[in-house]
Amino acid sequence: MNSIQIKELTTETEWIEAFPIMSQLRSHLDQNTYVELVSEAADKENYKLAGLYEEDEMLAVIGFMPMITLYYGRFLWVCDLVTDQSKRSKGYGEQLLAYVEKWAKNNGFESVALSSGLQRVDAHRFYEDKMDYHKVSYVFKKNVID
C-alpha cells in the first residue's frame, strides 16, 4: 500500500512545488504573484498551505486561514482546495478536508467554512454529499479597483 502523508508547506521552495497543482484552480496567477500572495497571506493572515503526498509526489493542496467573526465565531476558512487533475476522485480532497477539520478541533476552532464558485456543481456535490457541508449563505463580491 502506498504511503499518504499530509504536511504543512512553510517555505518558498515548498510553495513553488505546490504551484503546478494550485494553478489548476487559480489559473489567473503566475508563479511570482502566487508566491508573493502566499507569503503575504502567511505573514499577515496566518494563511496555511498543506500538501498531500503519496510516496514523494504531491497530489493535492489545501490553503486555509484561522479566522474570527461575529457570524461564525472562531473558524477556519478554506481558501483553496485542489487535487491534481490526473489524480482526482481518489479521496485526496476528502483527506485534506479531514486534516483541516482535525486542525480546527485541535486548535479550538468551532467550524470550517468555504465558498465555491456557482459553476462548480461537482465540487458542491462533493462538499454536501460526501463531506456533510451545508449551504448557509451566498458570497457577494464587488471589485473596487479596475
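Above this text you will find the structure in question.
Residues numbered from 1 in each chain as written. Predicted model: local features only at pLDDT ≥ 70, side-chain atom pairs only at ≥ 80, totals over all residues. Heavy atoms only, no water.

Chemist: I'd like a rundown of the overall build of the protein chain, residues and numbers included.
Modeler: In terms of regular secondary structure, the protein chain is built from four helices and five strands. The principal-axis extent of the C-alpha atoms belonging to the protein chain is close to 40 × 35 × 30 Å. If you take every contact in the protein chain between residues at least 6 apart in sequence, the share linking residues at least 24 apart comes to 58%. As displayed, the protein chain has an accessible area near 9700 Å², and 48% of this comes from carbon and sulfur atoms. Of note, the protein chain has its 16 positive side-chain charges centred 5 Å away from the centre of its 23 negative side-chain charges. (Helix = DSSP H or I, 4+ residues; strand = E, 2+ residues; numbered from the N terminus. Contact = heavy atoms within 4.5 Å. Areas by Shrake-Rupley, 256 points an atom, 1.4 Å probe, with all protein chains shown as cover. Lys, Arg positive; Asp, Glu negative; His and termini not counted. Charge placed at Lys NZ, Arg CZ, Asp CG, Glu CD.)

Chemist: Could you give an account of the sheet that holds strand β3 (residues 57-69), with specific residues and numbers?
Modeler: Spatial ordering of the open sheet is given by β1-β2-β3-β4-β5, a layout of five strands whose pairing is mixed. Two strands lie at the open edges of the sheet, namely β1 (4-9) and β5 (111-114), each paired on one side alone. Sheet twist, expressed as the mean angle between neighbouring strand axes with direction ignored, is 30°. Relative to strand β4 (residues 73-83), β3 is paired through 10 bridges, and the arrangement is antiparallel. What sits directly across from V61, in β4, is V82. (Pairing = 2+ DSSP bridges. Axes fitted to C-alpha atoms, helices over the stretch in contact; angles between N-to-C directions.)

Chemist: Account for the packing of helix α3 (residues 92-106) against helix α4 (residues 121-130), naming residues and giving values.
Modeler: In the contact formed by α3 and α4, the axes pass within 12 Å of each other and the chain directions differ by 60°. Considering the angle they form, α3 stands oblique to α4. Both α3 and α4 take part in a crossing whose hand is right-handed. Residues G93, E94 and L97 of α3 touch α4, and the partners they reach there are F126, Y127 and K130. Here the residues of the contact of α3 with α4 sort into three nonpolar, one polar and two charged. (Parallel < 35°, antiparallel > 145°, perpendicular 65-115°, else oblique. Left-handed = near helix turned anticlockwise from the far one by under 90°. Nonpolar A, V, L, I, M, F, W, Y, C, P; charged D, E, K, R; others polar.)

Chemist: Before we move on, can you summarise the packing of aromatic side chains with the specific residues and values?
Modeler: Within the structure shown, the criterion is met by nine aromatic pairs. Through successive ring pairs, a cluster of aromatic residues spans Y71, Y72, F75 and W77. Between R74 and the ring centre of F109, over which it is positioned, the NZ or CZ distance is 4.3 Å. (Phe/Tyr/Trp six-rings, centres within 6.5 Å; stacked < 30°, edge-to-face > 60°. Lys NZ or Arg CZ within 6 Å of the ring centre and 35° of its normal.)

Chemist: Which residues make up the side chain of E54, and what values do they have?
Modeler: Tracing the sequence through the fold places E54 in strand β2 (residues 48-54). The buried charged residue E54 lacks any salt bridge, with K87 as its nearest oppositely charged partner at 6.2 Å. In this structure the side chain of E54 is engaged in a polar contact, spanning 2.8 Å, whose partner is the side chain of Y92. (Buried < 20%, exposed > 50% of the residue type's maximum accessible area, 1.4 Å probe, protein only. Salt bridge = Lys/Arg side-chain N within 4 Å of Asp/Glu carboxyl O. Polar contact = N/O pair within 3.5 Å; in protein donor to acceptor, adjacent residues only side chain to side chain.)

Chemist: Help me get a handle on the pattern of salt bridges, residues and values and all.
Modeler: Within this structure, the stated rule accounts for six salt bridges. Put simply, D80 and R26 hold a salt bridge, and the shortest N to O gap is 2.8 Å. Of this pair, D80 sits in strand β4 while R26 is found in the loop between α1 (12-25) and α2 (31-45), placing the two residues 54 residues apart along the sequence.

Chemist: Help me get a handle on the nonpolar core, residues and values and all.
Modeler: By size, the foremost hydrophobic cluster in this structure holds 21 residues, and its most contacted members are I62, L76, V78, L81, L97, V100 and V112. Secondary-structure elements contributing two or more residues to this core are β2, β3, β4, α3 and α4. A total of six residues in this core trace back to one element, the largest contributor, which is α3. Setting aside residues no more than four positions away along its own chain, L81 makes contact with L25, V61, I62, G93, L96, L97, F126 and Y127. (Core = buried A, V, L, I, M, F, W, Y, C linked by side-chain atoms within 4.5 Å.)

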